Amino acid sequence: MAAISEKSRTYFPLQSVENVVALFRSELHTHVGSESDDGEPNLTLLSVVAGMVESILTSNKHAHQGKDDDNRIGIVPIFPVVELASIETLCQQFETQIKGSVDLSKYTSEYATRGLVKKVSDIVWGSLTRSFYKDKAHLQSLFSYLTGNKLDCFGVAFAVVAAFQILGYKDVHLAVSEDHAWVSFGEGGKETAEVTWHGKGNEDKRGQPITTGVAERSWLYLNDHPVICCRRMEVAALVSSINPSITASSDSIEVASMQQELLWMMYDLDLLKRYPLALGHLADLESVDPTQGRPSTQDLFKEAIAVSKEVYDNHHVYPYTYLGGHRHRAKDYRGAMENWTAAASVVSRYNYNREDEEVYKEFMQIANDLIPAIMKDGSTGDSEEAVDFTKSSECFANFLKFYDGICKWEEESQTPVLHITWAKNFIASVTKFPGKVRGQVEVENPEKEEAIGDDSDQTDSGEAKKEAEKSEEDVDSGVEDVNRNVVQGGESAEANHSSTGGSAKQSKVNKGTVSEEENLLQTELGLTGPEAQSTVLDVKTDFNDFLSSKANGGAFPGMTIESVMKAESPAEMAFQRRLKTQLSQDGSLEGSITSLLTKEEEEEEEELMEAVCESPPPPMIQISFESFKMRGIRDIVTSREKLNTAAIHLQLTAQSQVQFSKRARAVNDYEDFGSLRRRPRRI
């Protein structure tokens, strides 16, 4: 299906953004729900039109008048006039190429086969120039393919799907991740096949299923959670791939406006409700030029995150980085850190390899550019929002969780993520958080604690029970022994007392003994000289006080285990009893203690209590680490004292948790990630 319908012909020539939007709307509404070919939007037509408009409006050409830059005249782009004849010629060229290269008599099945998918992809691939043009803009449309034989990763996949539409197959559809594209085909779309290249070129993978990439847990394949498009969603993917950039720092207003209006039209048709990346692109456009009466930029970003969670089990990273970047530009650094942390949590589900370089650049920019800039502004006081960021324990907790996600992403990967630059920026940032802020974050390891708890419960439950029973028996026996000794001591004392009969000689001995005990008591209380006579409390000791009643004649028959534990010595026991007696005479224990305090002490106590009530200590924030690297420095980074930066540096740059391939690397396997180029708009 490449022939242009009669209805679509009526929209030509296209002379404005409104004309292009009307053509797309017509193609999307043509016989919606019809089973005929006419019920599908013409992918070839729409791709050629969008590509031609984008190419003309984003070309950066200059005319020179003389040698001086002041005489350089920039040609101001105006919306081009797109004629039907030029568009129809290009569409027929593509149809002729595909139909002339495939003998459909050899493929009689209703559904496409893997061999046919590989053949069609080989046709497109074989027509491309051999020059390397990765990361170049404006190569995603059939216009680029038909006029320059150049296509990027997404462009090849889209061309294959458009070719199958021309061949009359309805089961071959586009599948897109956040930086890659392939096709699904067969009954129910259960089969998958690589049809394009990625990175430095993977042409040998064409026709193969994506199961290997999924098994390797590569972010490129989203753990088998891609966006599977229908025909109309493939048009949404085409619009989302439009790139309005002219240079690295300037965009075409006309192309951006056209893309924005087309995306809103598809939003109204519910074609974006399962497409988080397209919602993110629309939100980006709205942040530059908001549309009245439409959802706000932040609402669109949140909607993209909700779609990722509900439809794709939270496997998409870019919705979080989009919202984090938006909040960072608005100086909402707390919100930005929360979303960056969520993005790192999502990417921790994957294993890193060098084909994931786009998302690597995204996180590298966050960790090594954006966060250090916030910390610098916070330490110098240039930004109030940045100062609040550095004083927030919640932000510090999110900062640690962000790096925990990155370290978890690195584990079990063939290629390390963290290197010396990451470690230096981490140390520079973490040291700018005050010690009291770091101390308010408590890092726990639930898995380890549960494992230890389970083991101890299973192995020690029986022994603990036996020890408890044994200790109870020992206490009971000890009490019985003490009571027995007390009773025996009382009986022997009574016998001795009765035998003496209270003679004068014994009376003198007792008198001398009391005098000695009195001196001993004064010595232990630290009372000497006049101080011993003028003390407030009468400290003269009568050992009858230790008896439970005056009638008891034995030595200490009224002693109990409780009184023994409370008194450190007989003198101390006497002092405590005298103190209680004295205080009871004054009214009550509470009133007497209060009377001993001065007014100044009372006022100080009241001020202290008011200060405690007004400024309660901040609650501890509890987090847990999933990566081995961050678990190794959990006690260091949350310390209130000076940080051991050398230990942190060694732990973060350690590669003990990474399994490396033993094959020798070629020179071109190494890529320089030092200079961050602007990430081109993807699928």
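Scroll up to find the structure.
Since we're looking at a predicted model, the values are computed, not measured. Residue numbers here run from 1 along each chain, matching the order of that chain's written sequence. The predicted origin of the model limits local features to residues at a pLDDT of at least 70 and limits the giving and counting of side-chain atom pairs to 80 or more, whereas totals for whole chains, interfaces and linings rest on all residues. The basis for the side-chain values is all heavy atoms of the structure; hydrogens and waters are excluded.

(A) Quick look at the packing of helix H15 (residues 357–380) against helix H18 (residues 420–430). Interaxial angle, 0 to 180 degrees, is taken between N-to-C directions of lines fitted to C-alpha atoms, where a helix line uses only the stretch in contact. Secondary structure follows DSSP: runs of H or I at least 4 residues long count as helices, runs of E at least 2 residues long count as strands, and numbering of each begins at the N terminus. Between H15 and H18, the shortest axis-to-axis distance is 9 Å and the interhelical angle comes to 30 degrees. What the angle tells us is that H15 and H18 run roughly parallel. When you trace H15 past H18, the crossing you get is left-handed. Between H15 and H18, the residues in contact are Tyr360, Phe363, Met364, Ala367, Asn368, Ile371, Pro372 and Met375 and Thr421, Trp422, Asn425 and Ser429, respectively. Of the residues in the contact of H15 with H18, the class split is eight nonpolar, four polar and no charged. Oblique is the label for any angle not covered by the other classes, which are roughly parallel (under 35 degrees), roughly antiparallel (over 145) and roughly perpendicular (65 to 115). Helix crossings get a hand from a simple test, with the near helix turned counterclockwise from the far one by less than a right angle marking a left-handed crossing and a clockwise turn marking a right-handed one. Residue contacts are counted whenever heavy atoms from the two residues lie within 4.5 Å of one another. Residues are grouped as follows: nonpolar covers Ala, Val, Leu, Ile, Met, Phe, Trp, Tyr, Cys and Pro; charged covers Asp, Glu, Lys and Arg; every other residue, Gly included, is treated as polar.

(B) Here's a closer look at the side chain of serine 144. Checked against the element boundaries, serine 144 lands in helix H6 (residues 142–148). Relative accessible area decides the class of each residue, using a 1.4 Å probe on protein chains only: under 20% of the type maximum gives buried, over 50% gives exposed, and in between gives partly exposed. The class of serine 144 is buried, set by a relative accessible area of 8%.

(C) Representation of the pattern of salt bridges in the model. Every case where a carboxyl oxygen of Asp or Glu lies within 4 Å of a side-chain nitrogen of Lys or Arg is listed as a salt bridge. A complete count under the given rule lists 20 salt bridges for this structure. Among the ionic pairs, lysine 118 bridges to aspartate 122, the shortest N-O distance being 3.0 Å. You can see lysine 118 and its partner aspartate 122 sitting in helix H5 (residues 114–126), four residues apart, about one turn around the helix. In this structure, a network of salt bridges that share partners links the residues Glu40, Lys170, Arg231 and Glu234.

(D) Examining the environment of phenylalanine 94 more closely. Positionally, phenylalanine 94 belongs in helix H4 (residues 84–101). Given the relative accessible area of 0%, phenylalanine 94 is considered buried. Along the primary structure phenylalanine 94 and tyrosine 145 are separated by 51 residues, whereas in three dimensions their C-alpha atoms are 9.2 Å apart. Each residue touching phenylalanine 94, except ones within four places of it in the same chain, is listed here: Thr44, Leu142, Tyr145, Leu146, Ala159, Ala162, Ala163 and Ile166.

(E) Highlighting the nonpolar core. One finds Phe24, Phe363, Phe402 and Phe426 to be the most contacted residues of the largest nonpolar core, which totals 157 residues. Broken down by element, this core gets its largest block of residues, 12 residues, from helix H7 (residues 153–167). With residues up to four places along the chain from it excluded, the contact list for phenylalanine 24 reads Leu46, Ala50, Val235, Leu238, Val239, Leu262, Met265 and Met266. Nine residue types can take part in a nonpolar core, namely buried Ala, Val, Leu, Ile, Met, Phe, Trp, Tyr and Cys, and a core is a set of them joined through side-chain atoms within 4.5 Å.

(F) How the structure looks around the packing of aromatic side chains. For Phe, Tyr and Trp, rings pair up if their centres lie within 6.5 Å, where Trp contributes its six-membered ring, and each pair is then called stacked (planes under 30 degrees apart), edge-to-face (over 60) or tilted (otherwise). Under the criterion given, the structure shown has 20 aromatic pairs. With centroids separated by 5.8 Å and ring planes inclined at 75 degrees, the aromatic side chains of tryptophan 219 and tyrosine 318 adopt a geometry described as edge-to-face. Linking tryptophan 219 in the loop between helix H8 (211–215) and strand E6 (227–228) with tyrosine 318 in helix H13 (residues 318–329), this pair joins segments that are 99 residues apart in sequence. What makes tyrosine 318 buried here is its relative accessible area of 0%. By way of ring pairs, the aromatic residues Tyr352, Tyr360, Phe363, Phe389, Phe396, Phe399, Phe402, Tyr403, Trp409, Trp422, Phe426 and Phe433 are connected into one cluster. Note on criteria: charge over ring means Lys NZ or Arg CZ within 6 Å of the ring centre, with the direction from the centre no more than 35 degrees off the ring normal. Taking the ring centre of phenylalanine 628 as reference, the NZ or CZ of arginine 631 above it sits at 5.7 Å.

(G) Quick look at the pairing of strand E3 (residues 173–176). Residues His173 and Ala175 of E3 are buried on one face, and the alternating residues Leu174 and Val176, pointing to the opposite face, are buried as well. Strands are labelled as partners when DSSP assigns at least two bridges between them. Pairing analysis gives four bridges linking E3 to strand E4 (residues 181–185), with the strands arranged antiparallel. Looking at E4, one finds that leucine 174 is bridged to valine 183. Here E3 hands over to E4 after four residues, the two strands then running antiparallel side by side. Of the pairings in the sheet, the one linking E3 to E6 comprises two bridges and is antiparallel in character. In the strand pairing of E6, valine 176 is matched with valine 227.

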